[in-house]
Amino acid sequence: MAILNILQDGEETLRKTSRPVEKLSPRLIQLLDDMQETLKQSGGVGLAAPQVGILRRVVLVDNGEEVLELINPQIVETKGVQEEVEGCLSVPGRWGITHRPAYVKVRAMNRHGKTYEADGTGIVARCFCHELDHLDGVLFTDKVLRMLTEEEIEKL
Ligand code: ZN
């Protein structure tokens with residue numbers, strides 16, 4: 001496994017649309033393993049393949065119990081709304097308030113090719129939305145209601 005370089009805001013790759021995964025391959029498994037290692041080291045809750053320069057529809061989301069591997073993920077259900085602080089490994093040191101659904105259910109494939117569903121509230125729901133946005137070249141700063149001030153960030 002390897003720690004991958006996380007692209008920072010301003011890199012064109014982060015603004016591109018990722019392509020679906022068409023078949024499982026050793027390269028995909030390698031990517032998932034490397035993303036797992038990279039996420040663990042970063043201290044973040046989610047990571048999308050385009051953040052490590054790979055334009056494929058693959059994301060990881062830590063739901064507090066395990067790190068879910070979501071291949072070709074789709075949001076299939078949302079409920080309510082939450083207004084919370086959000087950040088991104090590709091936008092270090094900056095935080096903002098966003099509106100996201102309070103509950104999100106996703107459907108995706110795992111590394112064995114099996115389709116499954118996962119859901120969550122709070123930070124997990126936000127993370128599903130945030131990571132899936134990355135697959136369409138969208139950053140949270142595009143959706144932010146307002147960015148936090150230096151003073152507010154210090155209190156986080
Ligand atoms: Zn992000």
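Refer to the structure above for everything that follows.
Rules and cut-offs
- Along each chain, residues carry numbers from 1 onward, in the same order as the chain's sequence is written.
- Whole-chain, interface and lining totals are the exception, using all residues; otherwise, since this is a predicted model, local features are given only for residues with pLDDT of at least 70 and side-chain atom pairs are given and counted only at 80 or more.
- Excluded from the side-chain calculation are hydrogens and water; included are all heavy atoms of the structure.
- Any two strands with at least two DSSP bridges between them are considered paired.
- The secondary structure listing takes helices from DSSP runs of H or I that are at least 4 residues long and strands from runs of E that are at least 2 residues long, numbered from the N terminus.
- Whether two residues are in contact is decided by their heavy atoms: any pair within 4.5 Å suffices.
- All axes here are fitted lines through C-alpha atoms, helices being fitted over the stretch that makes contact, and every angle between N-to-C directions spans 0 to 180 degrees.
- Metal-coordinating donors are taken as N, O and S atoms lying within 2.8 Å of the metal, or within 3.2 Å when the metal is Na, K or Ca; because water is left out, some sites can appear incomplete.
- When a residue's accessible area, from a 1.4 Å probe over protein chains only, is under 20% of the maximum for its type it is buried; when over 50% it is exposed; and in between it is partly exposed.

Glancing now at the sheet that holds strand 8 (residues 146–147). With antiparallel pairing, three strands are arranged side by side in an open sheet as 4-5-8. Each having just a single partner strand, strand 4 (82–86) and strand 8 make up the two edges of the open sheet. Across five bridges, the pairing between strand 4 and strand 5 (residues 96–100) is antiparallel. Paired with E83 across the strands is H99, a residue of strand 5. The strands touched by helix 2 (residues 122–134) within the sheet are strand 4 and strand 5, with strand 4 carrying the most contacts at an inclination of about 70°.

Attention shifts here to the coordination of the zinc ion. For a metal with four tetrahedral donors the ideal donor-metal-donor angle is 109.5 degrees, while six octahedral donors give ideal angles of 90 or 180 degrees. Binding of the zinc ion to the protein goes through C88 (SG), H130 (NE2) and H134 (NE2), at separations of 2.0 to 2.3 Å. Counting residues between consecutive donors of the zinc ion along the chain gives the motif C-x41-H-x3-H. One end of the pair, C88, is in the loop between strand 4 and strand 5; the other, H134, is in helix 2, and 46 residues separate them in sequence. An identical accessibility class is assigned to C88 and H134; each is buried.

Take the pairing of strand 7 (residues 115–121) next. Every second residue of strand 7 is oriented toward a common face, the buried set being Y116, A118 and G120 and the non-buried set T115, E117, D119 and T121. Relative to strand 7, strand 6 (residues 103–109) runs antiparallel, the two sharing seven bridges. What sits directly across from M109, in strand 7, is T115. Taking the residues that link successive antiparallel strands as the turn, the strand 6-strand 7 hairpin has five residues, and the phi of G113 there is positive, at about 90°.

Shape descriptors only; they carry no functional weight alone.
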